[in-house]
There are 2 protein chains.
Amino acid sequence: MQNFVFHNPTRIVFGRDKTASIGKATLPYGRRVLLLTGQGSVVKHGILAKVTSSLSTAGISWVECSGVQPNPVLGFVRQAIDTFRRENLDAIVAVGGGSVIDTAKAVAAGVRYEGDVWDFFTGKANVLDAAPITVVLTLPAAASEMNSGGVITNEQTRQKFNLGGEPLSPKVSILDPVNSFSAPVNHSLYGVVDAMVHLLEGYFNGSDPWTPLQDRYAEGIIRTLMECAAIIREQPDHYDARANIMWGATLAFNGLAPCGIGPAGFPMHMIEHSLSALYDVSHGAGLAMILPGWLKYHSDSSPRKVNQFGRRIFELDHQDDRQGAQAAIAELERWLRSMDIPASLHEGGIPIDEIPAIAENAVMLAQKWGLKAYTQAVIEDVLRRASR
Amino acid sequence: MQNFVFHNPTRIVFGRDKTASIGKATLPYGRRVLLLTGQGSVVKHGILAKVTSSLSTAGISWVECSGVQPNPVLGFVRQAIDTFRRENLDAIVAVGGGSVIDTAKAVAAGVRYEGDVWDFFTGKANVLDAAPITVVLTLPAAASEMNSGGVITNEQTRQKFNLGGEPLSPKVSILDPVNSFSAPVNHSLYGVVDAMVHLLEGYFNGSDPWTPLQDRYAEGIIRTLMECAAIIREQPDHYDARANIMWGATLAFNGLAPCGIGPAGFPMHMIEHSLSALYDVSHGAGLAMILPGWLKYHSDSSPRKVNQFGRRIFELDHQDDRQGAQAAIAELERWLRSMDIPASLHEGGIPIDEIPAIAENAVMLAQKWGLKAYTQAVIEDVLRRASR
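Residues numbered from 1 in each chain as written. Chains lettered and ligands numbered in written order. Predicted model: local features only at pLDDT ≥ 70, side-chain atom pairs only at ≥ 80, totals over all residues. Heavy atoms only, no water.

Chain A carries the name Iron-containing alcohol dehydrogenase in an unreviewed UniProt entry, which gives Desulfurispirillum indicum as its organism. The UniProt entry for chain A carries this comment under Sequence similarities (unreviewed entry): "Belongs to the iron-containing alcohol dehydrogenase family." (UniProt positions renumbered as here; feature names shortened; annotations may be inferred.)

Dropping the structure here:
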């Protein structure tokens, strides 16, 4: 076990009809808030009405800032910072999934900083202070509702970069599984993949060779996510399956999973970020396209853990690690396809002949994230293995 | 999934040589502290010297209050409250296992309350405020280092009662696995059983019938604890096994495991509390004596989950739930005995003919904890099944 620090002060209020408690949850942090939402589904499904009614009851006024897009962009962040400052607001209420919450984090950091908010993404500045954030989660995937990081795309430079810092942890996040019923099923399934890959990055890339506790933690969540994904595909309104996905996705990336595994890169996320910076791809779908190909690449050097994955997730039973790894990847591809999730670049509609350009974009992030092994050639190799 | 609120603000600093950071970790909470320790093993093994050196370096002065006993008592708590007040201290540094940390919590609540500290245990008062606590953990078991509860025995009334409240969460807990090397191996193993039973109480007593995420969370930690227990029995200084036990025991009872399982009683703890209130029994050993007997009782009404436990922990494969449950309990007994842990009252040296008196004491707690099904007759039944 490697040394670590764990601290996660976010209060989780989980359950049916809990959306109505957002006003009370937000009140300790201010009476005038920026109400941040996405592309309108929260209006259509009545979630926003519940939120504003709860804010009103608590005596909180708001300035709405809607239109966060799925891969949220810097331009929107800058506008929201201006609005927050102009209206002299106290706090941010984010109603949505990872894109809305990540936007809230960038705004929260930006309004307490004199310089350019992009400085936090390029490493020019650290987040030392932030406006308080409360959350009503809709789409489980990113776990942004219970961690201190976020990802924003700079639409001018085509860089999808991340920021992080303790002050960005939401104060309170409301996880009402009913709010996730309204998401299209394919998007919900992409969210499941995102959560799975959050766990798998650490599972396969941790630097400690013996992590029995962390392995089982990840495996338990992954099995549950897969089990529940199959249920909501048939019954989108299955409360318990939705609830297990919502809580499972949060537990997948709230900082607990990597405790003790030592430094672990995020190579699949790194490569996916360039996919969704360059193409109109949902983050979870992009990860699904990369995952089997990356596992093939990874199995060359480290088949043992991939074999363990096959044994514990798919109940395979191979003595030989290479054979086991191969079988595990085949099972995973089969499962993704059975869920209508693209399991390769081709299935996701990504032009294969642009692999060099995708890799070139990813290399920038590889350098930023310190993934030195991921040269242009290696990333192209991974992408080629992921192509079909 | 049942509704829940989860909030755990304790900062965990985990790893080798982290004891030396206790001064820096404590400084934000005050410059004059009560230094609470147990029966001297922290002196013998040099842990206390590291702590005081770190406090000195940080410019923190301390008043030592040593001698907390394994089942900590109210009399000691009252004395420590007097010392804290007389010396006009700011915070408490607890160096030890659950008994020391639980004592710290009672003292922390008591010093900020005008009335009698026992009021928090009888339910006459709620903990609304508490002095800040920081921790250097020695013996993993109770998870008191990352939760907001504690247990104290009133030696006059022979009641082993608990208190709880958000202000009691330690601010920072230092988990240095090296500090656990010094504990006698049998005590370390009792600690493992305590952690396992924390998980099993929820696993078997949760009120939600379908909890795939929570089941796997518990199973993963239990398997790891058992695996590592076997290692430290042979190699007490095995860092990684000690580390997995330390972090596993914390994760077993830091509030995450029961999220979503709904109301769950703690019948095994309830019965054990009367054992260790009446006899000189280590809490974990007492739980081990109760566990198989309670499982036999529980299997009568709910064999399915006990069969699942056998399947997932011991890799048994029984179609019939009753047969599977029986086999699982037999495996568990075998495992406990293989670790030299008492698996029955008889093995633990408890006089079997005193079962009615033990049950009478436990009934008091059954009423306090709202475990209405646990009448005198039921508790006697469980104890008889646990007798050999």
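What to know about helix α3 (residues 47-57) of chain B
All names here are of chain B. Listed as buried for α3 are I47, L48, V51, T52, S54 and L55. Buried residues of α3, seen end-on, are gathered within an arc of 160 degrees and therefore sit on one face of the element. Contacts made by the buried residues of α3 are with α1 (22-26), β2 (32-37), α2 (41-44), β3 (61-65), β4 (91-96) and β5 (133-137). Note on α3: the residue one or two positions beyond its end, G59, has a positive phi of about 80 degrees. (Buried < 20%, exposed > 50% of the residue type's maximum accessible area, 1.4 Å probe, protein only. Helix = DSSP H or I, 4+ residues; strand = E, 2+ residues; numbered from the N terminus. Arc of directions from axis to C-beta. Contact = heavy atoms within 4.5 Å.)

A few points about the sheet that holds β2 of chain B
With respect to topology, 12 strands assemble into an open sheet ordered β3(A)-β2(A)-β4(A)-β5(A)-β8(A)-β1(A)-β1(B)-β8(B)-β5(B)-β4(B)-β2(B)-β3(B), the strand pairing being mixed. Where the open sheet ends on each side, the last strands, each with one partner, are β3 (61-65) of chain A together with β3 of chain B. Averaged over all neighbouring strand pairs, the angle between strand axes comes to 25 degrees, with direction disregarded. The pairing of strand β4 (residues 91-96) of chain A with strand β5 (residues 133-137) of chain A spans five bridges and is parallel. Paired with V95 of chain A across the two strands is V136 of chain A, which belongs to β5 of chain A. The strands touched by helix α4 (residues 74-86) of chain A are β2 (32-37), β3 and β4 of chain A; relative to β2 of chain A, the strand with the most contacts, the crossing angle is about 160 degrees. Against the sheet, α3 of chain B makes contact with β2, β3, β4 and β5 of chain B, and its axis sits at roughly 175 degrees relative to β2 of chain B, the strand it touches most. (Pairing = 2+ DSSP bridges. Axes fitted to C-alpha atoms, helices over the stretch in contact; angles between N-to-C directions.)

Focus: the packing of helix α7 (residues 185-205) of chain A against helix α8 (residues 212-234) of chain A
Residue and element names in this part refer to chain A. Where α7 meets α8, the axes come as close as 10 Å, and the angle between the chain directions of the two elements is 170 degrees. Considering their axes alone, α7 and α8 lie roughly antiparallel with respect to each other. Together, V185, S188, L189, V192, A195, M196, L199, L200 and Y203 of α7 and D215, Y217, A218, E219, I221, I222, L225, M226, A229, I232 and R233 of α8 make up the contact between the two elements. Residue classes in the contact of α7 with α8 are distributed as 16 nonpolar, one polar and three charged. (Parallel < 35°, antiparallel > 145°, perpendicular 65-115°, else oblique. Nonpolar A, V, L, I, M, F, W, Y, C, P; charged D, E, K, R; others polar.)

Brief notes about the interface of chain B and chain A
On the chain A side, the residues contacting the 43 residues of chain B number 43 residues. Taking both partners together, chain B and chain A bury about 3600 Å²; carbon and sulfur atoms supply 60% of that area. For the chain B face of the interface with chain A, the top three residues by lost area are M1, L213 and R216 of chain B, together amounting to 20%. Here chain B and chain A share four salt bridges between them. E227 of chain A is paired through a salt bridge with R216 of chain B; the nearest N and O atoms lie 2.8 Å apart. Across the contact surface, chain B and chain A share 18 residue pairs in polar contact (both at pLDDT 80 or more). Sort the elements by how many residues they give to the side of chain B that touches chain A and helix α8 (residues 212-234) of chain B lands first, with 12 residues. Tallied by class, the residues present in the side of chain B that touches chain A amount to 23 nonpolar, 12 polar and eight charged. Sheet analysis places strand β1 (residues 4-14) of chain A next to strand β1 (residues 4-14) of chain B, joined by seven bridges and oriented antiparallel. In the sheet register, F6 of chain A faces β1 of chain B, and the bridge partner there is I12 of chain B. (Buried area = accessible area lost by both parts, 1.4 Å probe. Salt bridge = Lys/Arg side-chain N within 4 Å of Asp/Glu carboxyl O. Polar contact = N/O pair within 3.5 Å; in protein donor to acceptor, adjacent residues only side chain to side chain.)

Considerations on the relation of the copies chain B and chain A
At an RMSD of 0.0 Å, chain B and chain A line up after a rotation of 180 degrees and a shift of 0.0 Å along the axis. Accordingly, the operation relating the two chain copies is best matched by a two-fold axis. Residue P9 of chain B of chain B places its C-alpha closer to the rotation axis than any other residue of that unit, at 2.2 Å. When you check the interface residues of chain B against chain A, 100% turn up at the interface there too, and the contact is symmetric in its surfaces. (Least-squares fit on C-alpha atoms with pLDDT ≥ 70 in both.)

Here's the deal with the domain arrangement of chain A
Residue and element names in this part refer to chain A. Here chain A is described as being made up of domain 1 (11-179) and domain 2 (185-385). Between domain 1 and domain 2, the C-alpha centre-to-centre distance is 26 Å. Contact residues are listed per partner, giving 27 residues for domain 1 and 28 residues for domain 2. With both chains or domains summed, domain 1 and domain 2 bury close to 2300 Å², and 63% of this area falls on carbon and sulfur atoms. Connecting domain 1 to domain 2 are one salt bridge. Where the side of domain 1 that touches domain 2 is concerned, the elements lending two or more residues are β1, α6 (119-122) and β7 (159-164). When residues in the side of domain 1 that touches domain 2 are grouped by element, the largest group, four residues, is from β7. For the side of domain 1 that touches domain 2, the per-class residue count stands at 15 nonpolar, seven polar and five charged. (Domains from an automatic or database assignment.)

A closer look at the UniProt feature "domain: Fe-containing alcohol dehydrogenase-like C-terminal" (unreviewed entry) in chain A
Summarizing the sequence annotation, UniProt attributes the feature "domain: Fe-containing alcohol dehydrogenase-like C-terminal" (unreviewed entry) to residues 190-383 of chain A in the numbering used throughout. Counted over residues 190-383 of chain A, helix gives 70% and strand 0%. Its end C-alpha atoms are 19 Å apart.

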